[in-house]
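So you can see what is in the structure, the chains are spelled out below.
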Amino acid sequence: MIIKAIEVIQLCGFVVVVVASDNNQINAKAFEELCGGEGNMLGGIPNPNFPQYRIFFIFDTVHILKCIRNNWLNQKDSAQTFVFPRPVPTYSGKSSSVANSSYLMPPNSVHFSCLSTDNYPNFDSRASTVSELSGIVFVSSTNLQPGRASVGRLKVQYNSERQALLKEAPGLKHKVLNPSSLERQNVSLVLGIFNDKTVEALLSTSDHGAKDTAEFIRVIISWWKIMNIKSSNKGVRLRDDLSLPFCDVDDDRLRFLQEFVHWLEIWNRDKVGCLTKPTFRALLHSTKTMHNLIIYVKNSLHFDYFLPGKVQTDNLERRFGLYRQLCGASYHVSVAQVLEAEKKLRVSSLFSIRSSKHGIINIRHVFEGEDEKTDLNFKLDHLVREY
């Protein structure tokens with residue numbers, strides 16, 4: 001069915017590069033059958049209509065982020081603890097501190113590195129190993145104590161400033177740390193935990209458990225910032241190098257993704273305080289595939305830049321949400337209702353502001369997500385200054 005849908009779309013004049021889906025069991029099984037089976041999933045397959053191109057299959061990163069949070073909350077110990085390996089992958093702007101030659105090697109450590117610093121690993125190869133990593137130094141040693149990231153420590157932080165007028169971690173709220181089944185679907189509550197302010201609040205304490213928790217959250221935040229770049233202006237607006245668009249295959253963030261992949265593989269060896277099998281599979285596969293996809297669109301498709309956040313199902317889910325709202329907030333809508341709702345949404349695109357510098361700014365952006373709204377405000381500010 002997926003291949004048939006791809007062929008129909010390409011008959012309309014498009015070329016499919018990426019297929020994205022959430023980590024639902026049925027979707028995951030379909031991806032496994034298309035990409036080589038469980039445990040050997042390839043990042044992509046040859047395009048059935050255009051053999052010179054490839055089609056990549058990726059799990060929705062927003063859904064994965066929610067799964068990471070849910071796995072953390074579902075830990076069985078009283079403090080709800082993740083036990084993660086060290087060192088953790090880091091991004092310092094120019095080169096990873098894990099790959100830095102000045103990194104202090106503990107005695108009796110196992111040191112993995114690669115002689116070449118020019119080639120990136122082929123994650124599609126089933127035979128790829130740690131030694132294929134380019135420019136990466138990863139340490140595995142019994143002398144490095146594993147980190148312990150605890151939800152209980154986040155609750156301590158929340159309780160300590162619950163009545164305070166000014167809070168160091170304003171994202172930590174009761175429903176963020178104790179969400180209901182319905183609230184677990186809200187990504188804004190997930191970002192209350194995976195937040196730079198939460199990290200800084202935990203690091204300001206002298207508690208060792210708080211620092212471990214901050215270290216883990218920072219890794220996930222770095223991964224999320226890379227995967228959630230939806231606007232070419234985002235990195236400039238936020239003054240964040242991690243949020244800049246990918247313009248070069250020598251970008252150090254690609255090395256971070258490589259380190260992240262092998263950090264996950266080491267973490268998965270543990271059976272306690274780790275991710276569930278479906279979440280681990282989706283996170284590992286999506287990170288590998290995104291790494292290869294960025295290089296593919298730059299080297300083979302010759303894109304000027306690439307925005308990983310565009311490879312998400314948010315726009316599709318938001319569109320169907322608008323269909324339901326325009327049809328009386330009914331969950332089950334007919335084909336006729338969808339067509340009528342689509343006509344209404346298309347009419348809204350006729351109302352626009354034209355700028356010689358920023359092009360056409362459509363009123364339809366009112367229906368879009370937060371990143372698009374912020375980007376619209378950014379453009380409108382500049383538009384006002386023009387006149």
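Check the entry above for the structure.
Residues numbered from 1 in each chain as written. Predicted model: local features only at pLDDT ≥ 70, side-chain atom pairs only at ≥ 80, totals over all residues. Heavy atoms only, no water.

Peer 1: Mind laying out helix H2 (residues 25–35), listing which residues take part and the relevant values?
Peer 2: Three or more residues of H2 are buried, namely Ala28, Phe31, Glu32 and Cys35. Around the axis of H2, the buried residues are gathered within 100° of arc, so they sit on the same side. The outward face of H2, more than 90 degrees from its buried face, is lined by the exposed residues Ile26 and Glu33. Buried residues belonging to H2 abut helix H1 (2–11), strand S1 (18–21), strand S3 (54–59) and helix H11 (277–299). (Buried < 20%, exposed > 50% of the residue type's maximum accessible area, 1.4 Å probe, protein only. Helix = DSSP H or I, 4+ residues; strand = E, 2+ residues; numbered from the N terminus. Arc of directions from axis to C-beta. Contact = heavy atoms within 4.5 Å.)

Peer 1: Give me the sheet that holds S3: which residues, what numbers.
Peer 2: In spatial order, the strands read S1-S3-S2; together these three strands make up an open sheet with mixed pairing. Two strands bound the open sheet, and with one partner strand each, they are S1 and strand S2 (44–46). Neighbour to neighbour, the strand axes of the sheet diverge by 20° on average, direction disregarded. Bridge analysis of S1 against S3 gives four bridges, and the strand direction is parallel. Bridge pairing in S3 places Ser21 opposite Phe59. (Pairing = 2+ DSSP bridges. Axes fitted to C-alpha atoms, helices over the stretch in contact; angles between N-to-C directions.)

Peer 1: Just give me the short version of the pattern of salt bridges, but keep the residues and values in it.
Peer 2: Enumeration according to the criterion identifies 13 salt bridges in this entry. Glu200 is the salt-bridge partner of Arg218, the closest N and O atoms lying 3.4 Å from each other. Here the residue Arg218 occupies a position in helix H8 (residues 208–227), and Glu200 occupies one in helix H7 (residues 196–203), the gap between them amounting to 18 residues. For Glu200, a relative accessible area of 49% gives the class partly exposed. Here Arg255 and Asp252 are joined by a salt bridge, their closest N and O atoms 3.1 Å apart. With Arg255 and Asp252 both in helix H10 (residues 252–267) and three residues apart, the pair spans about one turn of that helix. In this pair, the class of Arg255 matches that of Asp252, namely buried. (Salt bridge = Lys/Arg side-chain N within 4 Å of Asp/Glu carboxyl O.)

Peer 1: Can you tell me about the packing of H10 against H11, naming the residues and giving the values?
Peer 2: Interhelical geometry of H10 versus H11 gives an angle of 155° and a closest axis separation of 10 Å. Classified by the interaxial angle, the pair formed by H10 and H11 is roughly antiparallel. Note that H10 runs across H11; the crossing there is left-handed. Residues Leu254, Leu257, Gln258, Phe260, Val261, Leu264 and Glu265 of H10 lie in contact with H11, whose contacting residues are Phe280, Leu283, Leu284, Thr287, Lys288, His291, Ile294 and Ile295. When its residues are assigned to classes, the contact of H10 with H11 shows 10 nonpolar, three polar and two charged. (Parallel < 35°, antiparallel > 145°, perpendicular 65-115°, else oblique. Left-handed = near helix turned anticlockwise from the far one by under 90°. Nonpolar A, V, L, I, M, F, W, Y, C, P; charged D, E, K, R; others polar.)

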